[in-house]
Every structure is written in C-alpha cells, then in structure tokens.
Amino acid sequence: MKTVTLSSPKGKWILASAVLTSSMAFIDGTALNVVLPSLQKNLGASGSDLFWILNAYLVMLASLMLIGGSLGDRLGHKKVFMYGTAIFIIGSAACGLSANAFHLILFRLLQGAGGAFMIPGSLSIISSSINSDERGKAIGTWSSFTTLVTLGGPVLGGALADIGLWRYIFFINVPIGIVALLILWRHVNEPLPAKNRPPLDILGAVAIGSALALITYGVLSSTSTGHNRWVSPVLLAAGIILVFVFILVEHRSDHPMMPLSLFSNISFSGANLLTFFLYAALSCGMLFLSLDLVQIQGYSQLQSGLAFLPFTLLVLSFAGYAGRLADKYGSRWFLTCGPFTSGIGLLLLSLQGQTNGPADYWTTFLPGMIIFGLGMAFTVAPLTSTVMGAVSAEYSGVASGINNAITRIANVLAYAMLGAFAVIIFSKSLNSQISTIPLSAVEKTQVLEQVGNLGNAKVPAAIRPTLKPIVTRAFHLSFIDAFKLLLRCAAMLVFSGGLIAFFTIRQTKS
C-alpha cells in the first residue's frame, strides 16, 4: 500500500483506528489496578486471584502476540486487526458480566486472545502506511493518546469503582471497539498480502505460550507450603526448558514467528531489552502504588486515580514532542536519560511511609510522580520509533508483535515474580511486627493466614477488640515495607534499561 502523509484524511483515519484499538487494550490493565480493592470485595477474590486476573490476560496476550503479528504480515494487517478487535469486544462484554473471580479469569483469557491479534496491527498499519519522514511523529502521537487513555484509566476506574460500577471498565470497550471497526471498514485500505504466504508457526506459538503459563503459575505457587512445595520448582523448570525449546524451534523453522535474524540488529535487540525492563518496572510501580494509596493511605479509588494525573499529563504533553526530537537528533540519549529520570522518580516514591492521606499528597507522592512521568514522557515514543525503524517494512507486523509481546511478558513476570516477592516480604515483616503483640499462638496463626491478601488483609474476628487496631497497624506497616522494596527493585530495573540503551542504541537520525 502506498504511504500517505499524516495530515491527509487517510492518514488521520489510520491514526484514529490505531489509537482507539490500542487504547482499549491498554486501558483495562491500569484501570483494574485501581479497582482491585472493589473487585476483591465484590467477587471474593483472594490475593492470588487478583494476580491471575491480571496475568490471565497478559499470558494469553504475550503467547499469541507474535503469531498475531505474523498473521498480519501474511494475511493483511487490516483483516487480522478487525478480527482481533471483534474478539476483544466479546471478551470485554463477558468480563463485565462475570459472576465470580473464576469467570473473570476465564474471560480475561478471551480478551487476551483478541488483543494479541489487535495490538500488533495498530503499529503495523502506522509503520507501513505513513511515510517515513512523519513516522516518528505519528508514533509519538499514537504514544501520547494511548498513554493518555492508558494512564487515564485509573481516574476512570476510580470514579466507576467509587459508585459501584467497576464492571463498566469492561463495558466501555464495546462502543469504542465498534467505532474502531467502522473506521477500519470504511476508511482504511486493506494492504495486499503476499500471494505465496508461508505457513504459520503453530509449534512456536504453543511452545512460548506454554512456557509463559508454566513460569507464571510456578512463580505464583512459590509461596505455597506443605506437601505442594515441589510444584513451583517443577513448573518453573518446565517453563524455562520450553523457552529454550521455543528458541530452538525458531532457529530451525523455515518460517519462524519470531525471526531470530532480527536480533542481529543491535538497536532492535537493545530497544527490546529496554522495553522489557521499563515495562516490568512500570507495571510493578503502578500496581503497588495503587494498592498502597487505597488500602494503606486511605485514598478513595477516585482519589487514587487522580493521583496519577500528573504522570498522565506529562506523557500526553511531551511524548509527541520527544518523538519528533528523536526523529531529528536520534533516540540514544532519550532512551538513556529518560529511564534514569523515571528511576529517580520511583526511588522518591519508595521513600513514602504512612501518610495522612490525600491531604499530604502534594508533599509526599507528587514530586516522585512528576519525575517518574517526565522520564516516561521522553522514553515511550523514541523507544517505539527505534523498534519499528530498525526493521524493513515487510517485518513491521513481526517487529510490532515482538515488541508488544516483550511488553506483555514483562508485565506477566513483574506481576508474578514481584507479586510473589511482595507476599514473602509482607509475611516476613508481619512476623516481625506481631512478635511484640501479646497474641496467642492460635491468634498469630489466624493473623498470618491473611498474608495472601496483602494490603487487603483483615483482622480475624477472634482477635481481642483491644488488639485489633494494633494488628491493623501491623498489616499496614508490613505492606509499606513490601511497597518500598518493590519500588526500589523497579527503579533498579529502569536504571538497568537506561544503561542497556546507552551501549546498544545507535545514534541514527531520520
């Protein structure tokens, strides 16, 4: 398909379809972070259920994303894009109707399958349709709007949760998706796929999907005790073996879903490695900061969402500008300094202990949020442009699929590993906290049974009334200990990503 200018009517429709569909896929994750307390209460979900509600979507997304990108390159991006959007709409409606945590986990899998075919199409259509001189600007604009909607998710989610309408986080995808389908149908031309289409890499998809599922479940099972303690290491070992099987399959395949030759480009490899560290840190930071604000600091869910507003506004204001500057001057310094700035913001956020609630926001969480957001604002668009610019147009779908899959894999492993780590730190701290409280052995056991609920831990009814406030404080202080350590881990991840970018990203200009 002949490329068009971004300012042309066709260019605007292409960008609109990409923004709408990507926004649907990204908004659910951040909105869910804020409404997890309501979801936990209304569906009776345990702490483990919460991580699976997040991970069911991400595991399916990550495992099918590569094949979604390959399908787009083979069958036409628009066709796969539209099918994925339709599946995502159906999955979203089913999630909104879920009666319990199990049903929600099940329908999140369906959502993830739709997203895996939908998300690669958005960047692929931009890369293959917009002329190269404006591609960075287009991706920057895409990053700005999708980030606005993504990070505006907490505000929307908080507002809906506070009035008991958290299910509309899912239902809202239905009208957005229908509008996107109409735009794609009426205004976006179908690129002609190659006549001799290679076969799909089904074996590779099965290998990587199974590997991610096993690793995720293995990590989430790592906190179990008793006769099931062997389950976690066995699952983790099986998952790691399957990762190597996947690499071997891709190496030997004539038509791999993830051509390993792409990684011979050092900028492509470095940018994807930075993506992994950056988005693992982002998902971890946003999840635990949301839980801390609502469950420990006393924010309403709407107030928690609004707490992320400075982050959102900074990314919206500067992402497009950063994309244009990266086109002009090269992306290396943006991808080095941006992550380091975000890491400093995360470190500042990790310093916050128990506060006096929203009234203290301006002097506690706001400074760190501003620095965190500023760093991300100058990273997201140059990072995406670097990935898409490192490959030829024929591999745009695969490149988008790889980068988006790495983002989801980072989310999966961050939620799973850091979630399990949070339980371990919370448990250790709680043991220390209650050692000074005059509880009986039975009462201590009952208190420790709440560890899996993290910040939503409830004081057991059998605890003496005079001790309940003390136990509540112990729960809060233990969660804060876990929160601080996890955000510092997230900061180390983005610092590592910045170093990787400095040594691997070539200083190219448009």
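Comments concerning the overall build of the protein
- From N to C terminus, the protein includes 18 helices and zero strands.
- The proportion of buried residues among the 510 residues of the protein is 58%.
- Contacts in the protein between residues far apart in sequence, at least 24 positions, make up 84% of those at least 6 positions apart.
- By element, 67% of the accessible surface of the protein is carried by carbon and sulfur atoms, the whole surface being about 19900 Å².

Regarding the nonpolar core
- Within the largest apolar cluster, 138 residues are counted, with the highest numbers of intra-cluster contacts made by Leu39 and Phe288.
- Broken down by element, the residue count for this core peaks at 17 residues, all from helix H16 (residues 396-434).
- Filtering out sequence-adjacent residues up to four positions away, Phe288 remains in contact with Phe51, Leu418, Gly419, Ala422, Leu454, Phe479, Phe483, Leu486 and Leu487.

Remarks on the environment of Val249
- Along the chain, Val249 turns up in helix H9 (residues 231-252).
- Along the backbone, Val249 and Ala205 are 44 residues apart, and their C-alpha atoms lie at a distance of 9.9 Å.
- If near-sequence neighbours (up to four positions away) are discounted, Val249 is found in contact with Asp201, Leu203 and Gly204.

With respect to the packing of aromatic side chains
- Under the counting rule described, the total for this entry stands at 12 aromatic pairs.
- Plain terms: the ring middles of Phe334 and Phe378 are 6.3 Å apart, the flat faces sit at 10° to each other, and that makes the pair stacked. You can see Phe334 sitting in helix H13 (residues 332-350) and its partner Phe378 sitting in the loop between helix H14 (366-377) and helix H15 (380-389), a full 44 residues away along the chain.
- On the basis of relative accessible area, Phe334 is assigned to the buried category, the value being 16%.
- Ring plane angle 10° and centroid distance 6.5 Å describe the contact between Phe426 and Phe475, whose orientation is recorded as stacked. Taken as a pair, Phe426 in helix H16 and Phe475 in helix H18 (residues 468-504) lie far apart in primary sequence, 49 residues in all.
- Here Phe475 falls in the buried class, since its relative accessible area comes to 3%.
- Ring pairing ties together the aromatic residues Phe318, Phe334 and Phe378, which thus form one cluster.
- Across the ring face of Trp185, the terminal group of Arg186 is positioned such that the distance to the ring centre comes to 6.0 Å.
- Its end group placed over the ring of Phe502, Arg332 keeps NZ or CZ at 4.4 Å from the ring centre.

Points about the state of the cysteines
- A complete count under the given rule lists zero disulfides for this structure.
- With no disulfide of its own, Cys489 has Cys284 as its nearest cysteine by sulfur position, at a separation of 7.3 Å.
- Given the relative accessible area of 27%, Cys489 is considered partly exposed.

Topic: H15
- Taking burial as the measure, the 10 residues of H15 include nine buried ones, the bulk of the element.
- Every buried residue of H15 is accounted for by Val380, Ala381, Pro382, Leu383, Thr384, Ser385, Thr386, Val387 and Met388.

Considering the packing of H13 against H14
- Contact geometry of H13 with H14 gives a least axis separation of 7 Å together with a crossing angle of 160°. Compared by their axis directions, H13 and H14 come out roughly antiparallel. The chirality of how H13 crosses H14 is left-handed. Residues Gly338, Thr341, Ser342, Ile344, Gly345, Leu346, Leu348 and Leu349 of H13 pack against Gly368, Met369, Ile371, Phe372, Gly375 and Met376 of H14.
- Per-class residue counts for the contact of H13 with H14 are eight nonpolar, six polar and no charged.

Focus on the packing of helix H12 (residues 309-329) against H14
- Between H12 and H14, the shortest axis-to-axis distance is 8 Å and the interhelical angle comes to 25°. In this view, H12 runs roughly parallel relative to H14, as classed from their interaxial angle. Seen from above, H12 lies across H14 with right-handed handedness. Together, Pro310, Phe311, Leu314, Val315, Phe318, Ala319 and Ala322 of H12 and Leu366, Met369, Ile370, Phe372, Gly373, Leu374, Met376 and Ala377 of H14 make up the contact between the two elements.

Section: a nonpolar patch on the surface
- Judged by side-chain polarity, Ile87, Ile90 and Leu110 come together as a nonpolar surface patch covering roughly 240 Å² of accessible area.
- The residue Leu110 is located in helix H4 (residues 101-129) in this model.

Things to note about the environment of Cys284
- Structurally, Cys284 can be placed in helix H10 (residues 266-296).
- Take Cys284: its relative accessible area is 1%, and that puts it in the buried class.
- Along the sequence, Cys284 and Ala490 sit 206 residues apart, while their C-alpha atoms lie 6.7 Å from each other.
- Apart from the residues within four sequence positions on either side, Cys284 is in contact with Leu418, Leu486 and Ala490.

Quick notes on the confidence of the model for the protein
- Model confidence for the protein is summarised by a mean pLDDT of 81, while 87% of its residues fall at 70 or above.
- The weakest mean pLDDT in the protein belongs to helix H5 (residues 132-162) at 71; the strongest belongs to H13 at 94.

The rules behind the values
Residues numbered from 1 in each chain as written. Predicted model: local features only at pLDDT ≥ 70, side-chain atom pairs only at ≥ 80, totals over all residues. Heavy atoms only, no water. Helix = DSSP H or I, 4+ residues; strand = E, 2+ residues; numbered from the N terminus. Buried < 20%, exposed > 50% of the residue type's maximum accessible area, 1.4 Å probe, protein only. Contact = heavy atoms within 4.5 Å. Areas by Shrake-Rupley, 256 points an atom, 1.4 Å probe, with all protein chains shown as cover. Core = buried A, V, L, I, M, F, W, Y, C linked by side-chain atoms within 4.5 Å. Phe/Tyr/Trp six-rings, centres within 6.5 Å; stacked < 30°, edge-to-face > 60°. Lys NZ or Arg CZ within 6 Å of the ring centre and 35° of its normal. Disulfide = S-S within 2.5 Å. Axes fitted to C-alpha atoms, helices over the stretch in contact; angles between N-to-C directions. Parallel < 35°, antiparallel > 145°, perpendicular 65-115°, else oblique. Left-handed = near helix turned anticlockwise from the far one by under 90°. Nonpolar A, V, L, I, M, F, W, Y, C, P; charged D, E, K, R; others polar. Patch = residues over 30% accessible without salt bridge, like charges linked within 9 Å, V, L, I, M, F, W, Y side chains within 5 Å. Salt bridge = Lys/Arg side-chain N within 4 Å of Asp/Glu carboxyl O. pLDDT = per-residue confidence, 0-100.

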